[in-house]
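# Residue-level structure breakdown
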Amino acid sequence: MDKILNYLGLARRSRHLIAGTDSTITALQNNKLHLIVLASDASLSTKDKVIKKAFFYKVPVLDIYNISSISQATGIKNPVVCGIDDLGLAKAILEIKES
């Protein structure tokens, strides 16, 4: 497992991970999210809906992992969309992605 998935597990354990499409979009609309993790094998309608909302609210979207990888890292069954509400964790994940 790589560092980004380890950070997702850390976010889950520290209660800074919001799982589920509806919960994530609600938190996004309330300006509480700093990063969205979208499963690469999510349905097209879910991808479209989440990416458009994230673009509108200027929140980056990370979509390089599939559902099983995210599930294994977080311990959540079939997480399609997750949001991170901690700025430090979000920045750390984005720095790893860019390097």
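Bear in mind the structure is a predicted one, so any value in this text is a computation, not a measurement. (Residues numbered from 1 in each chain as written. Predicted model: local features only at pLDDT ≥ 70, side-chain atom pairs only at ≥ 80, totals over all residues. Heavy atoms only, no water.)

Along strand 4 (residues 81-84), one buried face is formed by V81 and G83 and the opposite face, lined by C82 and I84, is buried too. Pairing analysis gives three bridges linking strand 1 (residues 17-19) to strand 4, with the strands arranged antiparallel. Each residue of the ladder has a partner; that of A19, found in strand 4, is C82. (Buried < 20%, exposed > 50% of the residue type's maximum accessible area, 1.4 Å probe, protein only. Helix = DSSP H or I, 4+ residues; strand = E, 2+ residues; numbered from the N terminus. Pairing = 2+ DSSP bridges.)

Turning next to the packing of helix 1 (residues 3-13) against helix 5 (residues 87-98). At a minimum axis separation of 9 Å, helix 1 and helix 5 run at an interaxial angle of 170 degrees. Judged on the interaxial angle alone, helix 5 and helix 1 are roughly antiparallel. Contacts between helix 1 and helix 5 involve K3, I4, Y7, L8, L10 and A11 on the former and, on the latter, L89, A92, I93, I96 and K97. Considered class by class, the residues forming the contact of helix 1 with helix 5 number nine nonpolar, no polar and two charged. (Axes fitted to C-alpha atoms, helices over the stretch in contact; angles between N-to-C directions. Parallel < 35°, antiparallel > 145°, perpendicular 65-115°, else oblique. Contact = heavy atoms within 4.5 Å. Nonpolar A, V, L, I, M, F, W, Y, C, P; charged D, E, K, R; others polar.)

All right, on to the packing of helix 2 (residues 21-29) against helix 3 (residues 44-57) then. Axis separation between helix 2 and helix 3 bottoms out at 10 Å; the angle between their running directions is 15 degrees. The angle between the axes of helix 2 and helix 3 places the two elements in the roughly parallel class. Remark: the crossing between helix 2 and helix 3 carries left-handed chirality. Residues T21, D22, I25, L28 and Q29 of helix 2 touch helix 3, and the partners they reach there are T46, K49, V50, K53, A54 and Y57. When its residues are assigned to classes, the contact of helix 2 with helix 3 shows five nonpolar, three polar and three charged. (Left-handed = near helix turned anticlockwise from the far one by under 90°.)

For the structure shown, the criterion picks out one salt bridge. Salt-bridge contacts for D48 lead to K52; the nearest nitrogen and oxygen are separated by 3.5 Å. Taken together, the residues D48 and K52, both in helix 3 and four residues apart, mark about one turn of the helix. Judged by its relative accessible area of 40%, D48 is partly exposed. Given the relative accessible area of 55%, K52 is considered exposed. (Salt bridge = Lys/Arg side-chain N within 4 Å of Asp/Glu carboxyl O.)

For the rest of this paragraph, the subject is the sheet that holds strand 2 (residues 35-38). Overall, mixed pairing links the four strands, which are arranged 1-4-2-3 in an open sheet. Pairing within the sheet leaves two strands with one partner each, and these edge strands are strand 1 and strand 3 (61-62). Alignment of strand 2 against strand 3, held across two bridges, turns out to be parallel. Of the residues in strand 3, the one forming a bridge with V37 is L62. Helix-sheet contacts for helix 1 involve strand 1, strand 2, strand 3 and strand 4, and the interaxial angle to strand 1 is about 90 degrees.

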